[in-house]
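Coordinate analysis (summary)
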2 protein chains.
Amino acid sequence: MTKITMIGAGNLATHLCRALINSGHEIVQIYSRTIESASTLAKEINVPYTTDTKAIKSSDLAIIAVNDDSIQDIEKHIGFPKVHTSGTKPLSTLNGKNIGVFYPLQTFNKNIDVNFKSIPVCVESSNSDLLQTLKNLAVSISDKAVELNSEQRKNLHLAAVISCNFSNMLYRLSEEVCQKEGIPFDILQPLILETAQKIKHTSPSLAQTGPAKRGDFETIEKHLMLLKNDEEKKEIYQLLTASIKKRR
Amino acid sequence: MTKITMIGAGNLATHLCRALINSGHEIVQIYSRTIESASTLAKEINVPYTTDTKAIKSSDLAIIAVNDDSIQDIEKHIGFPKVHTSGTKPLSTLNGKNIGVFYPLQTFNKNIDVNFKSIPVCVESSNSDLLQTLKNLAVSISDKAVELNSEQRKNLHLAAVISCNFSNMLYRLSEEVCQKEGIPFDILQPLILETAQKIKHTSPSLAQTGPAKRGDFETIEKHLMLLKNDEEKKEIYQLLTASIKKRR
């Protein structure tokens, strides 16, 4: 059991508090700049809160779950072991010897319940005792704990943007194609889900299908004709088709 | 119950035969150009087969499940009601009055079992009796039957390439980023799956997250720095980031 001070009361802090308590850890206090979010979360999980940096309670570990840009402002008020939760900020964003990173790889929405077990947690620390604490904490709430250094974590975040944020952008482009033609977009959902599920057991390089993979240039030409008045979609189509062709 | 002649013995023909038989329809014969695939499928489902176009047995409906380029070669030998199963070929690829399209929107792999119920089937015919037959057939094997004209079907196919084939290409790019840095790619799978699942209940335009959506230019700049020696990925990153920004 680890005694934790939670710094922040947003989406990530909320989901982390719930998961930590469910796994038998103790949240000793919530700190947040704004009284409203601090009190909401504190009330939900029945722990004290503060909005005063001088009143932050010491514990085994402070988890700093605030916006990337606010980490340095708050961390200087914390003199006991502390971790941040950012995908992009290096370990060196924190000062002191008892510092680390505890980064759950997921996008959170405060009101949608999350099964934390399926969310990988990436940990880092140059202090071996703290690293062990973080690993123990990670495996207690998640099925997958991975030790990554700051450079790897930054690249993992980039990879997540490419595979998730950008995929969602492709869903949007394809929804636009459907809307223009009066096609119900939900027809595509089973195929989209199947595409994401397939790579659970197969490398995406083996899972590739479609006209570019087959070298079906007639279909590619037809698609480009359909997009002839839409420069943006045409450019994206050509670029991704070229990437697939290059790797055939 | 519909009596069906199956033209073709590939992935789609195989899955269609299984689903049709499970739903109480009768396959009266398999036709394939190659004796090997014809006999394999015929044996599995215990029906006669032929490789001779002159010996194709008449039935309520011929389902032509062959490569797009082979449809016209085979369809001229069929004088009874017939449909093709292509996403990109128009209805007019077939000759005669009793013609239609029966297009299941999915990628098939012969050896992986498919739950046909979840696969949308798009139907088209200018013959109202045949259209009704196709609708009945579609709802008997699938939870979702949609009537689309040839222009819509062509656009749906384009939308599927954008949202599925291209998403998979993004998974590959992100796998490459991970491999380069020694990050296990499977860390990303929960987030990829979550991204695809989210749009079951939310329009992808509302589901968008990430630095481009937030206007987090510092993170975007960092990502571009990581990609500075990889022109291909940088170009794709910039193009999709611009698309997200445009729609903020």
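The notes below deal with the structure included here. (Residues numbered from 1 in each chain as written. Chains lettered and ligands numbered in written order. Predicted model: local features only at pLDDT ≥ 70, side-chain atom pairs only at ≥ 80, totals over all residues. Heavy atoms only, no water.)

1. A few points about the overall build of chain A
Scanning chain A for helices and strands turns up 10 helices and 8 strands. Computed over the C-alpha atoms, the radius of gyration of chain A is 22 Å, more than 25% above the 18 Å expected from 2.2 N^0.38 for a compact globule of 248 residues. Taking the principal axes of the C-alpha coordinates as reference, chain A spans close to 70 × 35 × 30 Å. Residues classed as buried in chain A amount to 57% of the 248 residues present. Expressed as a percentage of contacts within chain A between residues at least 6 apart in sequence, the contacts between residues at least 24 apart total 48%. Here chain A displays about 10,800 Å² of accessible surface, and carbon together with sulfur accounts for 46% of that area. Across chain A, 30 positive and 27 negative side-chain charges occur, with their mean positions spaced 3 Å apart. (Helix = DSSP H or I, 4+ residues; strand = E, 2+ residues; numbered from the N terminus. Rg over C-alpha atoms; globule rule 2.2 N^0.38 Å. Buried < 20%, exposed > 50% of the residue type's maximum accessible area, 1.4 Å probe, protein only. Contact = heavy atoms within 4.5 Å. Areas by Shrake-Rupley, 256 points an atom, 1.4 Å probe, with all protein chains shown as cover. Lys, Arg positive; Asp, Glu negative; His and termini not counted. Charge placed at Lys NZ, Arg CZ, Asp CG, Glu CD.)

2. Some remarks on the relation of the copies chain B and chain A
One copy of the chain maps onto the second through a rotation about an axis and a displacement along it. Mapping chain B onto chain A is achieved by rotating through 180 degrees and translating by 0.0 Å along the same axis, at an RMSD of 0.1 Å. The transformation relating the two chain copies, once decomposed into turn and shift, fits a two-fold axis. Closest approach to the rotation axis among the C-alpha atoms of chain B is made by S167 of chain B, whose C-alpha sits 2.5 Å away. Mapped onto chain A, 99% of the interface residues of chain B are again interface residues, and the two copies thus contact each other with one and the same surface. (Least-squares fit on C-alpha atoms with pLDDT ≥ 70 in both.)

3. Things to note about the pairing of strand β7 (residues 121-125) of chain A
Residue and element names in this part refer to chain A. β7 sits mainly inside the fold: 5 of its 5 residues count as buried. On β7, burial covers both faces: V121, V123 and S125 on one face and C122 and E124 on the other are all buried. Examined bridge by bridge, strand β6 (residues 99-104) and β7 share 5 bridges and lie antiparallel to one another. Along β7, the bridge assignment pairs G100 with S125. (Pairing = 2+ DSSP bridges.)

4. Observations concerning the packing of helix α9 (residues 217-226) of chain A against helix α5 (residues 150-181) of chain B
Running from N to C, α9 of chain A and α5 of chain B cross one another at 105 degrees; their axes reach a closest spacing of 10 Å. Classified by the angle their axes make, α9 of chain A and α5 of chain B are roughly perpendicular. Judged by residue contacts, T219, H223 and L226 of chain A of α9 of chain A engage E151, K154, N155, H157, L158 and V161 of chain B from α5 of chain B. Considered class by class, the residues forming the contact of α9 of chain A with α5 of chain B number 3 nonpolar, 4 polar and 2 charged. (Axes fitted to C-alpha atoms, helices over the stretch in contact; angles between N-to-C directions. Parallel < 35°, antiparallel > 145°, perpendicular 65-115°, else oblique. Nonpolar A, V, L, I, M, F, W, Y, C, P; charged D, E, K, R; others polar.)

5. Some words on the interface of chain B and chain A
Contact with chain B, which involves 84 residues of that partner, is made by 83 residues of chain A. Both sides of the chain B and chain A interface together cover about 8,400 Å² of buried area, and 66% of this is carbon and sulfur. Connecting chain B to chain A are 10 salt bridges. R247 of chain B is paired through a salt bridge with E176 of chain A; the nearest N and O atoms lie 2.6 Å apart. If you look at where chain B meets chain A, you find 30 residue pairs in polar contact (both at pLDDT 80 or more). Residues of the side of chain B that touches chain A, tallied by class, amount to 39 nonpolar, 25 polar and 20 charged. (Buried area = accessible area lost by both parts, 1.4 Å probe. Salt bridge = Lys/Arg side-chain N within 4 Å of Asp/Glu carboxyl O. Polar contact = N/O pair within 3.5 Å; in protein donor to acceptor, adjacent residues only side chain to side chain.)

6. Quick look at the sheet that holds strand β6 (residues 99-104) of chain B
All names here are of chain B. Strand order in the open sheet formed by 8 strands is β3-β2-β1-β4-β5-β6-β7-β8, and the pairing between neighbours is mixed. In this open sheet, the two strands that pair with only one neighbour each are β3 (49-50) and β8 (145-147). Pairing analysis gives 3 bridges linking strand β5 (residues 82-84) to β6, with the strands arranged parallel. Counterpart to V83 in the pairing with β6 is G100. Packing of helix α1 (residues 11-22) onto the sheet brings it into contact with β1 (3-7), β2 (26-31), β4 (61-64) and β6, and relative to β1 it is tilted by some 165 degrees. Taken strand by strand, helix α4 (residues 128-141) contacts β1, β4, β5, β6, β7 (121-125) and β8, and its axis lies near 170 degrees from that of β7.

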